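Listed below are the residues making up each chain.
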Amino acid sequence: MSSETSPHKPRVAVVFGGRSSEHAISVLTAGAVLRAIDREKYDVLPIGITTDGRWALTADDPERMAITDRQLPTVAALAESTEGGVVLPVDPTNREVVYSEPGSVPKALGEVDVVFPVLHGPYGEDGTLQGLLELSGVPYVGSGVLSSAVGQDKDYMKRVFTSFGLPVGPYEVIRPREWEKDPAAARRKIVDFAGEHGWPLFVKPARAGSSMGITKVDDLGGLDEAIEEARRHDPKILVESLLRGREIECGVLEFEDGPRASVPAEIPPVTAHDFYDFEAKYIDSADGIVPAPLTAEQTAAVQELAVAAFEAASCEGLVRADFFLQDNGEFVINEINTLPGFTPISMYPRMWQESGVSYPELIDRLLQAALRRSTGLR
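Residues numbered from 1 in each chain as written. Predicted model: local features only at pLDDT ≥ 70, side-chain atom pairs only at ≥ 80, totals over all residues. Heavy atoms only, no water.

Trainee: Give a description of helix H3 (residues 128–136) that names residues and reports values.
Mentor: Side chains that are three or four residues apart share a direction in an α-helix, a result of its 3.6 residues per turn. Along H3, the residues that are buried comprise Leu129, Gln130, Gly131, Leu133, Glu134 and Ser136. Where the residues of H3 are buried, they touch strand S3 (55–57), strand S7 (114–117) and helix H4 (145–152). With its phi angle positive at about 75°, glycine 137 sits one or two positions after the end of H3. (Buried < 20%, exposed > 50% of the residue type's maximum accessible area, 1.4 Å probe, protein only. Helix = DSSP H or I, 4+ residues; strand = E, 2+ residues; numbered from the N terminus. Contact = heavy atoms within 4.5 Å.)

Trainee: A description of the pairing of strand S15 (residues 318–326) should follow, citing residues and the corresponding values.
Mentor: Of all the 9 residues making up S15, 8 are buried; the element is thus mostly covered by neighbouring parts of the structure. Here strand S12 (residues 245–255) pairs with S15 via 9 bridges, running antiparallel. Bridged to leucine 253 within S15 is leucine 318. Between S15 and strand S16 (residues 331–337), which follow one another and run antiparallel, lie 4 residues, and glycine 329 among them has a positive phi close to 90°. (Pairing = 2+ DSSP bridges.)

Trainee: Now, about the environment of threonine 58: what can you tell me, with residues and values included?
Mentor: Locating threonine 58 in the fold gives a position in the loop between S3 and helix H2 (75–78). For threonine 58 and glutamate 80, which are 22 residues apart along the polypeptide, the C-alpha to C-alpha distance reads 5.4 Å. What threonine 58 contacts, discounting residues up to four positions off in sequence, is Phe16, Pro46, Ile47, Gly48, Val75, Leu78, Ala79 and Glu80.

Trainee: So, the sheet that holds strand S5 (residues 96–100): which residues are in play, and what are the values?
Mentor: With respect to topology, 3 strands assemble into an open sheet ordered S4-S5-S6, the strand pairing being antiparallel. With one partner strand each, in any of the chains shown, strand S4 (85–87) and strand S6 (107–111) form the two edges of the open sheet. Geometrically, the sheet is characterised by an average inter-axis angle of 25° between neighbouring strands, direction not taken into account. The sheet contact formed by S4 and S5 spans 3 bridges and is antiparallel. What sits directly across from valine 86, in S5, is tyrosine 99. (Axes fitted to C-alpha atoms, helices over the stretch in contact; angles between N-to-C directions.)

Trainee: If you had to explain the sheet that holds strand S8 (residues 171–174) to someone new, which residues and values would you point to?
Mentor: Within a sheet, adjacent strands bond to each other through the backbone by hydrogen bonds, running parallel or antiparallel. The 4 strands lie next to each other as S8-S11-S9-S10, forming an open sheet whose pairing is antiparallel. Pairing within the sheet leaves two strands with one partner each, and these edge strands are S8 and strand S10 (215–217). This sheet shows a mean twist of 25° between the axes of neighbouring strands, independent of strand direction. For S8 and strand S11 (residues 237–241), the ladder comprises 4 bridges, and the chain directions are antiparallel. Considered in S11, the bridge of valine 173 is made with leucine 238. On top of the sheet, helix H7 (residues 183–197) reaches S8, strand S9 (201–205) and S11; it is set at about 175° to S8, its chief contact.

Trainee: Which residues make up the confidence of the model for the protein chain, and what are the values?
Mentor: Scored by pLDDT, the protein chain has a mean of 90; 93% of the residues are at 70 or more. Within the protein chain, the element-level pLDDT minimum falls on helix H9 (residues 278–283), averaging 47, and the maximum on helix H10 (residues 296–312), averaging 98. Per-residue pLDDT stays below 50 along residues 280–285; that stretch engages in 23 contacts with residues further than four places along the chain or on separate chains. (pLDDT = per-residue confidence, 0-100.)

Trainee: Can you explain the pattern of salt bridges? Please cite residues and give values.
Mentor: Overall, the coordinates contain 26 salt bridges when judged by the stated rule. For aspartate 153, the salt bridge is made with lysine 236, and the minimal N-O distance between the two is 3.0 Å. Taken together, the residues span a long stretch of sequence, with aspartate 153 in the loop between H4 and helix H5 (154–163) and lysine 236 in the loop between helix H8 (223–233) and S11 at a distance of 83 residues. For the pair formed by aspartate 153 and lysine 236, the shared burial category is buried. When the shortest N-O distance is used, the salt bridge between aspartate 257 and arginine 260 registers 3.2 Å. (Salt bridge = Lys/Arg side-chain N within 4 Å of Asp/Glu carboxyl O.)

Trainee: Account for unusual backbone geometry, naming residues and giving values.
Mentor: Put simply, tryptophan 199 and proline 200 share a cis peptide bond, and its omega is 0°. Mapped onto the fold, proline 200 is located in the loop between H7 and S9. Valine 290 connects to proline 291 through a cis peptide bond whose omega is -5°. We note that aspartate 69 has phi near 50°; this positive angle belongs to a residue other than glycine. With respect to the helices, strands and loops of the structure, aspartate 69 is situated in the loop between S3 and H2. Despite not being glycine, tyrosine 123 has its phi angle at roughly 65°, a positive value. You can see tyrosine 123 is positioned in the loop between S7 and H3. A relative accessible area of 43% means that tyrosine 123 is categorised as partly exposed.

Here it is as structure tokens:
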């Protein structure tokens with residue numbers, strides 16, 4: 001270990017930003033995480049990834065990682081240089097992080113003991129960063145390569161859940177080749193799905209989050225525009241039928257004795273929006289109800305399903321599981337999120353706060369769980 005870092009004080013690289021459409025949400029999350037990390041217990045190295053993929057050394061300044069006048073933050077605005085780059089060696093015998101700028105001698109930043117990735121969406125939450133960290137031999141917070149990929153791709157996520165007997169709602173998938181080969185046939189596939197399950201439909205990117213690119217389609221007239229919007233984020237799209245009921249969320253956290261579920265939360269109907277979309281979540285700050293007003297039996301049922309979903313996808317560290325409580329009293333899993341937001345209004349930390357795990361303790365538990373695990377097959 002480098003002389004810069006005490007052997008009793010692990011060094012945490014908080015990696016955030018990224019190339020996905022959820023770049024700004026990741027910066028918001030990083031700001032909240034940086035505020036919460038116990039600086040007496042951990043050394044911290046913030047590393048931002050710009051929208052074009054450059055790893056940048058950034059200011060350790062959570063106050064600048066916030067929405068200001070409805071403007072979203074970016075890594076580019078936080079980077080200490082417009083050209084300098086951070087490199088994590090792909091070598092399990094060397095955890096030395098290096099910073100270099102054109103025309104300058106590379107500067108060693110010291111070794112990293114654990115990475116806290118707060119990237120959302122493709123190129124970070126989907127197993128790509130996790131694969132790099134596995135090759136580098138650096139422990140990291142959250143799920144591994146396969147679980148992260150399954151958690152990002154709603155098509156395969158639903159297939160995994162179905163194979164484990166977990167309840168999912170009706171859906172259809174349009175893959176890139178289908179659309180490129182015969183868009184009219186792909187469109188008919190969606191229309192036939194609507195004929196079977198009824199309007200409205202939700203058309204969404206298969207591998208995005210934070211409600212990016214989702215459109216509620218009430219009839220045939222809005223379908224083409226919705227497909228185009230979803231494909232702007234991902235060439236693979238998912239179509240889901242409307243599930244009538246209450247939106248319930250539940251957090252799962254890895255403890256020393258295994259995963260446990262938090263008290264659930266409810267997302268109430270959003271009157272200013274057609275559904276719980278990006279604006280409602282992050283700009284207009286829709287309020288969730290924590291804990292959700294459920295019966296003891298309903299609470300136990302959704303907690304059991306949340307842990308079952310965590311185990312089905314072989315997740316590690318943390319998951320936020322989203323459900324619909326249908327009018328018939330049955331729960332249906334909508335999706336899991338393997339790196340849920342940690343913004344000040346995010347539901348995951350709020351649910352654990354209500355469950356008796358404070359925000360700093362939550363961060364500490366995630367880091368300790370990561371440090372207990374080895375990289376590689378496990």
